Amino acid sequence: MSLRHGRSYHAIPGPSVVPDRVLRAMHREAPNIYEGALLEMTDAMIPDLKRVAGAEGGHVAIYIGNGHAGWEAANANVLSRGDKVLLLATGRFGHGWAASLAGMGVDVEIMDFGRHSPADPARLSERLARDRGHALRAVLCTHVDTATTARNDLPALRAAIDAAGHPALFMVDGIAAMGCEEFHLDAWGVDVAVAASQKGLMLPPGLAFVWFSDKARAQGGRADLRTPYWNWEPRVAPEFFYQYFCGTAPTHHLFGLRESLDMLVHEEGMASVWARHATLARAVWAAAEAWGRGGAMALNIADPSARAHAVTALRLTAPDGTRLRRWCDDEAGVTLGIGLGMAEPNDEAWHGFFRLAHMGHVNAHMTLGALAVMDAGLKALSIPHGDGALEAATRALSAAEAPAAARMAAPAA
Ligand SMILES: *Cc1c(COP(=O)(O)O)cnc(C)c1O
């Protein structure tokens with residue numbers, strides 16, 4: 001017997017759950033790409049896409065590609081070979097972006113904050129103050145690093161750049177955060193933000209998004225990494241539809257995106273979307289803390305204010321992380337994420353790490369269900385753990401203990 005036969009839940013941090021509505025919107029004949037509904041729909045989608053990122057005063061370009069493509073698009077439009085940039089690494093994905101930059105010929109200085117902490121604005125400020133000649137052209141970081149699940153304080157990092165009076169562009173990998181975490185490109189002074197379709201935007205993989213400020217756009221002219229495909233100019237000001245995507249449009253993804261933007265921007269409202277993620281995250285943390293009071297379970301990020309709201313990295317004693325993951329999948333239909341970048345895959349310690357995503361199309365019953373399955377798995381496998389995890393999680397979700405932001409948040413008008 002197995003208890004997995006029913007609708008399964010892939011609680012991994014991307015590709016995330018695709019709503020049935022989005023799948024239905026994509027299930028259609030190939031549309032005309034020269035005139036008609038697709039063209040009008042795409043034009044009308046751009047303002048909604050800007051609202052997701054608080055970028056009403058900025059621009060957005062859509063690319064056929066995944067997150068790695070988004071990185072290259074961002075790099076190509078503002079940087080030149082040999083440019084110096086400073087990358088604040090808070091986990092595996094920061095190092096990934098650094099590799100993308102270095103591979104394109106950019107001179108990347110990595111300021112590494114390890115695997116358990118967000119970037120420290122004071123260290124950034126101090127480094128920028130020493131760059132008197134303003135050689136550094138950009139400061140880059142992940143909003144949420146999906147491996148460590150550290151969340152950076154973007155306004156504090158922006159303030160650190162301003163305090164140093166430094167003109168560097170502020171560039172953010174929002175791939176795991178966009179549509180999950182509060183984000184305001186204009187108000188927070190972010191110059192470039194990257195996202196991909198398969199995380200908070202609730203679509204299959206296949207689209208990358210790059211939002212950018214006027215300041216970033218103005219640097220485009222000198223960027224010698226810019227090539228025709230990645231150039232964002234025709235994409236934000238297309239003379240005809242074919243230029244939006246430098247070729248054939250990602251037709252079906254666009255119909256899916258229309259549906260997911262309706263859900264996020266027009267029905268739930270971004271403030272409520274962000275509050276839902278924050279509240280579900282608190283339930284996960286409460287459960288993990290309760291388990292940890294009688295066993296080895298630990299949250300990777302100790303400081304709650306530096307934890308992601310979209311995914312939580314957890315640790316048990318190896319090999320119990322892998323044992324628990326297998327049990328949840330085989331016996332209960334819940335797929336947890338593997339630990340990424342916390343140990344080498346052939347190192348025994350690797351089998352201690354795992355992640356629970358609460359990203360995108362996720363509600364209370366899905367997150368509570370995943371936590372209850374994990375609780376059952378800990379018991380079935382006799383992995384030592386503290387009691388009361390589910391009680392702690394439901395308390396965290398109850399109105400009385402919901403964060404003030406969740407109670408106050410109203411859908412955007
Ligand atoms: C998923 C992810 C990426 C990589 O995206 P791909 O679509 O796999 O190329 C990069 N950065 C972050 C923060 C991510 O979560």
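- Per an unreviewed UniProt entry, the protein goes by Aminotransferase and derives from Rhodobaculum claviforme.
- You can read under Sequence similarities (unreviewed entry) in the UniProt record for the protein the words "Belongs to the class-V pyridoxal-phosphate-dependent aminotransferase family."
- Among the UniProt annotations of the protein, the heading Cofactor (unreviewed entry) holds the following wording: "pyridoxal 5'-phosphate".

Overview of the sheet that holds strand 7 (residues 192–196)
Sheet strands associate in pairs through backbone hydrogen bonding, adopting either a parallel or an antiparallel arrangement.
Next, step 1: Read from one edge of the open sheet, seven strands run 2-8-7-6-5-3-4, paired in mixed fashion. Sheet topology places strand 2 (59–64) and strand 4 (107–112) at the edges, where each strand pairs with a single neighbour. Within the sheet, the average angular offset between the axes of one strand and its neighbour, ignoring direction, is 20°.
Next, step 2: Relative to strand 8 (residues 207–212), strand 7 runs antiparallel, the two being bridged by five bridges. Its bridge partner being in strand 8, A193 is matched across the sheet by W211.
Next, step 3: Across the sheet, helix 3 (residues 67–78) lies against strand 2, strand 6 (169–173), strand 7 and strand 8, angled at about 160° from strand 7, the strand it touches most.
Next, step 4: Set on the sheet, helix 6 (residues 154–163) makes contact with strand 3 (84–89), strand 5 (136–142) and strand 6; between it and strand 6 the angle comes to about 160°.

Observations regarding the domain arrangement of the protein
Next, step 1: Domain annotation for the protein reports domain 1 (9–15 + 269–403) and domain 2 (31–250).
Next, step 2: Each of domain 1 and domain 2 has a C-alpha centre, and the two are 28 Å apart.
Next, step 3: Contacts between the two partners involve 28 residues from domain 1 and, on the opposite side, 27 residues from domain 2.
Next, step 4: Our enumeration of links across domain 1 and domain 2 arrives at zero salt bridges.
Next, step 5: Our enumeration of links across domain 1 and domain 2 arrives at 14 residue pairs in polar contact (both at pLDDT 80 or more).

Focus: the pattern of salt bridges
Note that side chains of opposite charge can pair when their charged atoms are close.
Next, step 1: Applying the stated criterion across every chain yields a total of 21 salt bridges.
Next, step 2: Among the salt bridges present, the one from R21 reaches E259, with a minimum N-O distance of 2.8 Å. Taken together, the positions of R21 in helix 1 (residues 20–26) and E259 in helix 9 (residues 251–268) put the pair 238 residues apart, joining distant regions of the chain.
Next, step 3: Judged by its relative accessible area of 18%, E259 falls in the buried class.
Next, step 4: In this structure, R258 and D48 form a salt bridge, with 2.7 Å as the shortest nitrogen-oxygen distance. Taken as a pair, R258 in helix 9 and D48 in helix 2 (residues 37–52) lie far apart in primary sequence, 210 residues in all.
Next, step 5: Overall, the relative accessible area of 7% leaves D48 in the buried class.
Next, step 6: Shared partners join several salt bridges into a network, and the residues in it are R21, E259 and E267.

Re the site of the ligand
Next, step 1: The environment of the ligand is made up of N66, G67, H68, W71, F93, V144, T146, D173, I175, A176, Q198 and K199.
Next, step 2: Between the ligand and G67, the relevant distance is 2.7 Å, taken from an oxygen atom to a main-chain nitrogen or oxygen of the residue.
Next, step 3: Taking T146, its side chain carries an N or O atom lying 2.3 Å from an oxygen atom of the ligand.
Next, step 4: For the ligand, the protein covers 89% of the area, taking 380 Å² as the surface of the free molecule.
Next, step 5: The dominant element in the shell around the ligand, judged by the number of residues it contributes, is helix 3, at three residues.
Next, step 6: Residue composition of the shell around the ligand, by class: five nonpolar, five polar and two charged.

Comments concerning the packing of aromatic side chains
Next, step 1: Applying the stated criterion to the full structure yields eight aromatic pairs.
Next, step 2: Between F183 and W188, the aromatic rings sit 5.9 Å apart at their centres with planes inclined by 75°, giving edge-to-face as the arrangement.
Next, step 3: An angle of 70° between the planes, with centres 5.6 Å apart, marks the rings of F241 and Y244 as edge-to-face.
Next, step 4: In this structure F241 comes out as buried when scored by relative accessible area, which is 11%.
Next, step 5: An aromatic cluster is built from Y63, Y229 and W230, whose rings are joined through pairwise contacts.
Next, step 6: A cation over an aromatic ring shows up here: R235 above the ring of Y229, its NZ or CZ 4.7 Å from the ring centre.
Next, step 7: Positioned over the ring face of W285 is R307, at 5.0 Å from the centre of the ring.

Observations regarding helix 10 (residues 270–292)
Next, step 1: With 23 residues, helix 10 extends 33 Å from end C-alpha to end C-alpha; this agrees with the ideal 33 Å at 1.5 Å per step.
Next, step 2: With 19 of 23 residues buried, helix 10 is to be regarded as a mostly interior element.

Rules and cut-offs
- Residues numbered from 1 in each chain as written.
- Predicted model: local features only at pLDDT ≥ 70, side-chain atom pairs only at ≥ 80, totals over all residues.
- Heavy atoms only, no water.
- UniProt positions renumbered as here; feature names shortened; annotations may be inferred.
- Pairing = 2+ DSSP bridges.
- Helix = DSSP H or I, 4+ residues; strand = E, 2+ residues; numbered from the N terminus.
- Axes fitted to C-alpha atoms, helices over the stretch in contact; angles between N-to-C directions.
- Contact = heavy atoms within 4.5 Å.
- Domains from an automatic or database assignment.
- Salt bridge = Lys/Arg side-chain N within 4 Å of Asp/Glu carboxyl O.
- Polar contact = N/O pair within 3.5 Å; in protein donor to acceptor, adjacent residues only side chain to side chain.
- Buried < 20%, exposed > 50% of the residue type's maximum accessible area, 1.4 Å probe, protein only.
- Near = heavy atom within 4 Å.
- Areas by Shrake-Rupley, 256 points an atom, 1.4 Å probe, with all protein chains shown as cover.
- Nonpolar A, V, L, I, M, F, W, Y, C, P; charged D, E, K, R; others polar.
- Phe/Tyr/Trp six-rings, centres within 6.5 Å; stacked < 30°, edge-to-face > 60°.
- Lys NZ or Arg CZ within 6 Å of the ring centre and 35° of its normal.
- Expected span 1.5 Å × (residues − 1).

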